[in-house]
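# Topology and contacts: notes
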Amino acid sequence: MSVNLSQTSEPQISANLFQTSYPQMNCISRSFDVNAIENFYTCTIITNNGMENVFNHFLPRNGDIYVATYPKSGTTWTISILEHLVKKVCEKGISLGFCTEIFCPWLDLAASQENWRSIFSKFEKATSPRFFKSHASVGLIKQPARIIQCLRHPLDTFVSAWHHVRGKEVFEYNGSWHHFFAKVALEGKFECGDWFDYHEEFLKASKEGEIEALFLRYEDMKKDNAISAIHELAKFIGVESYDAEEISRATNFTKMKEKSNQGHIEKNGSLSDVLVSQEVGDRNTPSKAHIRKGIVGDWKNYLSDSELNLWRNYVQMKKETCPHVIDFFSLEDLLC
């Protein structure tokens with residue numbers, strides 16, 4: 001079903017910033033996932049049938065590795081590092097997982113295609129380890145699997161997510177930042193649903209030994225140009241021969257932006273410039289660039305005082321039900 005959101009108001013903001021259409025994200029029932037908290041939101045290119053195809057028909061294999069993240073948390077960066085570690089780097093452009101012929105395809109998207117059976121057959125013939133991208137909840141990732149997750153401070157995630165939904169036509173969303181923050185992000189109606197609940201599921205499952213997972217923090221990766229993360233990723237996937245400094249240089253923001261400006265790789269392997277832009281945008285002007293700004297703390301340029309208070313109240317509400325998230329980030333960090 002489509003998400004139906006009501007508008008919110010921000011007194012000091014001009015009324016013309018508030019638009020009349022709402023994000024058209026699907027809300028998928030996870031009734032076939034016995035561990036589901038509630039419903040699970042995805043963008044419209046991921047279908048209910050697709051998620052069920054993965055859950056009911058995809059054959060997992062020992063050694064399968066997933067980059068499973070909440071969107072706009074460093075997914076593309078993490079996958080790019082893995083590409084260099086296993087020496088399967090795209091010659092031009094960046095991979096968003098659309099093409100099944102290249103490294104780390106987006107499994108949920110592949111399963112949503114009409115020819116999903118032939119795609120699954122091709123995956124079955126692939127050599128191990130197989131790498132997949134996913135934004136699915138932990139209960140929708142078929143085991144056995146080894147999971148890599150990059151976590152980013154939620155407020156920076158939400159800022160990037162607003163540009164994401166405004167810059168990509170598939171969302172059909174033209175709401176202001178203020179509407180998105182209050183009525184999409186804090187109501188758990190962006191992709192993957194509630195930010196806290198999504199990560200709590202993964203962190204809890206890892207602590208209880210239900211999954212094998214590596215958790216990276218985006219802010220830590222920024223501090224040392226991902227050197228530590230490169231070593232952790234190499235160990236996790238079993239790569240012994242690599243040059244961390246070289247990979248760090250090849251995947252820094254400047255290099256990622258250069259490759260992004262060449263376009264993203266479509267399903268048929270061609271390059272599309274639909275997500276190419278030099279504009280980084282601000283809280284009044286969205287940007288369509290997939291690799292946009294990549295900095296830490298940009299949320300300070302977006303949240304009003306009333307929105308920050310709203311956020312702090314929200315964190316206080318979630319801290320009891322999501323203790324693993326609080327432990328991972330710290331309550332002080334989340335309260336800003």
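Residues numbered from 1 in each chain as written. Predicted model: local features only at pLDDT ≥ 70, side-chain atom pairs only at ≥ 80, totals over all residues. Heavy atoms only, no water.

### Quick look at unusual backbone geometry
For the bond running from S128 to P129, omega is 0 degrees, close enough to zero to count as cis. Cis geometry is adopted by the peptide bond preceding P144, which originates at Q143 and carries an omega value of 10 degrees. Phi is positive for K87, which is not a glycine, with a value near 60 degrees. With a relative accessible area of 62%, K87 lands in the exposed category. In this structure, C336 is a non-glycine residue whose phi angle is positive, near 60 degrees. Position of C336 relative to the elements: it lies in the segment after α14 (331–335). Residue class for C336 comes out partly exposed when judged on its relative accessible area of 32%. (Buried < 20%, exposed > 50% of the residue type's maximum accessible area, 1.4 Å probe, protein only. Helix = DSSP H or I, 4+ residues; strand = E, 2+ residues; numbered from the N terminus.)

### Quick word on the side chain of K142
Looking at where K142 falls in the secondary structure, it is placed in the loop between β4 (131–134) and β5 (146–151). For K142, the side chain forms a polar contact with the main-chain oxygen of F55, separated by 3.2 Å. One polar contact links the side chain of K142 to the main-chain carbonyl oxygen of F58, over a distance of 2.8 Å. Look past the residues within four positions of K142 in its chain and what remains in contact with it is V54, F55, F58, P60 and Y66. (Polar contact = N/O pair within 3.5 Å; in protein donor to acceptor, adjacent residues only side chain to side chain. Contact = heavy atoms within 4.5 Å.)

### Looking at helix α5 (residues 154–167)
Along its 14 residues, α5 runs 19 Å from first to last C-alpha, staying within 8% of the 20 Å computed at 1.5 Å per residue. Most of α5 is tucked away: 13 of the 14 residues are buried. (Expected span 1.5 Å × (residues − 1).)

### Digging into the pairing of β4
Side chains F131 and K133 of β4 all project onto a buried face; the interleaved residues F132 and S134 project onto the opposite face, where all are buried too. Relative to β4, strand β3 (residues 65–68) runs parallel, the two sharing four bridges. Residue pairing for β4: V67 is matched across the bridge by K133. (Pairing = 2+ DSSP bridges.)

### Things to note about the packing of aromatic side chains
All chains considered together, the criterion is met by 26 aromatic pairs. Taking 6.2 Å as the distance between ring centres and 15 degrees as the angle between the ring planes, the aromatic pair formed by F98 and W106 counts as stacked. Judged by relative accessible area, W106 falls into the buried class, the value being 6%. A centroid spacing of 6.4 Å and a plane angle of 70 degrees characterise the contact between F215 and F328, whose relative ring orientation is edge-to-face. Residue F215 is found in strand β6 (residues 212–217), and its partner F328 is found in helix α13 (residues 323–329); the two are separated by 113 residues along the sequence. Exposure remark for F215: the relative accessible area of 18% places this residue in the buried category. (Phe/Tyr/Trp six-rings, centres within 6.5 Å; stacked < 30°, edge-to-face > 60°.)

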